[in-house]
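# Understanding the architecture of this molecule
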Amino acid sequence: MEKNPEMTQNQQNNLPVKFLVVGRTASGKSSIVREVCKKLELKQVKSLTTRPPRDVELNNPDSDHYFVTDEEFESERDKGFVAYTEINDYKYATTVDEFDRSDIYVIDPKGIEYLKQTCGDKYKFVEIYIRVPFITAINRFIERGGIESEFKARFNQENLQFKEYEKKQGFDYHVLNDQALEDAVEKVCEIIKKNNLIM
């Protein structure tokens, strides 16, 4: 269920904090979160997904995902999902147990909506939106082994949900990732310290 609008600020402050990092394809969100987790010793949520792994994700313990078959995915559904979405016909989800054991989650706007509906009254969410110039995103996507046509297909497929997300401006913080990765990492670290009292 969604957060109770009558919940007091004090009640909100007593809930466990979960950081939700949102960004379009090739915004650098996953790279930023990996570095933030190393610096602050936080645990990142790993989502289940039916999409095939990229070359860099094969046998990589730092991957953002558990890669499963459709059958394995459906068997996990019985345990309960706190977030679910589909991108390019592939399923993505996070189990209740995985979410409870984690601190920070790379997620898309549709996933956030699902998350707030299922457990919005159990956690305090801090949303951090990572943005990047369009041309920078294309170049980064190609540098990591993708092709421009694939990038544009993904961009167009997710464009509607991100345009709506930007219009609502429901995020708590906005980080422009157009400089060195370390700059964005430091900004996100400061946000987490401010909201989670990590010194």
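Check the entry above for the structure.
A brief report on the enclosed structure follows. All figures in this text were calculated on a predicted structure; none of them were measured in a lab.

Turning to the overall build of the protein chain, a few remarks are in order. Broken down by element type, the protein chain carries eight helices and eight strands. For a compact globule of 199 residues, the expected C-alpha radius of gyration is about 16 Å, and the protein chain comes in at 17 Å, within 12% of that figure. In terms of overall dimensions, the protein chain has a C-alpha envelope of 50 × 40 × 35 Å along the principal axes. Burial analysis of the protein chain (199 residues in total) assigns 46% to the buried set.

All right, on to the sheet that holds strand β6 (residues 104–106) then. Across the sheet, which stays open at both edges, the four strands sit in the order β6-β1-β7-β8 with parallel pairing between neighbours. In this open sheet, the two edge strands, each paired with only one partner strand, are β6 and β8 (173–176). Ignoring strand direction, the axes of neighbouring strands in this sheet form an average angle of 25°. Strand direction decides the pairing type here: strand β1 (residues 17–23) and strand β7 (residues 124–131), joined by seven bridges, are parallel. Paired with L20 across the bridge in β7 is E127. Sitting on the sheet, helix α2 (residues 29–40) is in contact with β1, β6 and β7, with an inclination near 165° to β6. Running at roughly 115° to β7, helix α7 (residues 148–168) makes contact with β1 and β7 of the sheet.

Among the eight residues of β7, seven are classified as buried, and the element is accordingly described as predominantly covered. Of the pairings in the sheet, the one linking β7 to β8 comprises four bridges and is parallel in character. In the sheet register, I130 faces β8, and the bridge partner there is V175.

So, on to the layout of surface pockets. Estimated volume of the largest pocket: approximately 1100 Å³. Surrounding the largest pocket, 50 residues form its lining, K29, S30, R54, D64 and R144 being those nearest its centre. Put simply, the parts of the chain that give the lining of the largest pocket at least two residues each are α2, β4 (81–87), β5 (90–95), β6, α6 (134–143) and α7. Considering each element in turn, the lining of the largest pocket owes the most residues, five residues, to α7. For the lining of the largest pocket, the per-class residue count stands at 15 nonpolar, 19 polar and 16 charged.

Parameters at a glance
- Residues numbered from 1 in each chain as written.
- Predicted model: local features only at pLDDT ≥ 70, side-chain atom pairs only at ≥ 80, totals over all residues.
- Heavy atoms only, no water.
- Helix = DSSP H or I, 4+ residues; strand = E, 2+ residues; numbered from the N terminus.
- Rg over C-alpha atoms; globule rule 2.2 N^0.38 Å.
- Buried < 20%, exposed > 50% of the residue type's maximum accessible area, 1.4 Å probe, protein only.
- Pairing = 2+ DSSP bridges.
- Axes fitted to C-alpha atoms, helices over the stretch in contact; angles between N-to-C directions.
- Contact = heavy atoms within 4.5 Å.
- 1 Å grid on protein atoms, 1.4 Å probe; cavity = no way out; pocket = protein on both sides within 12 Å on 5 of 7 lines; lining within 4 Å.
- Points joined across faces, edges and corners; volume = space filled by probe spheres on them.
- Nonpolar A, V, L, I, M, F, W, Y, C, P; charged D, E, K, R; others polar.

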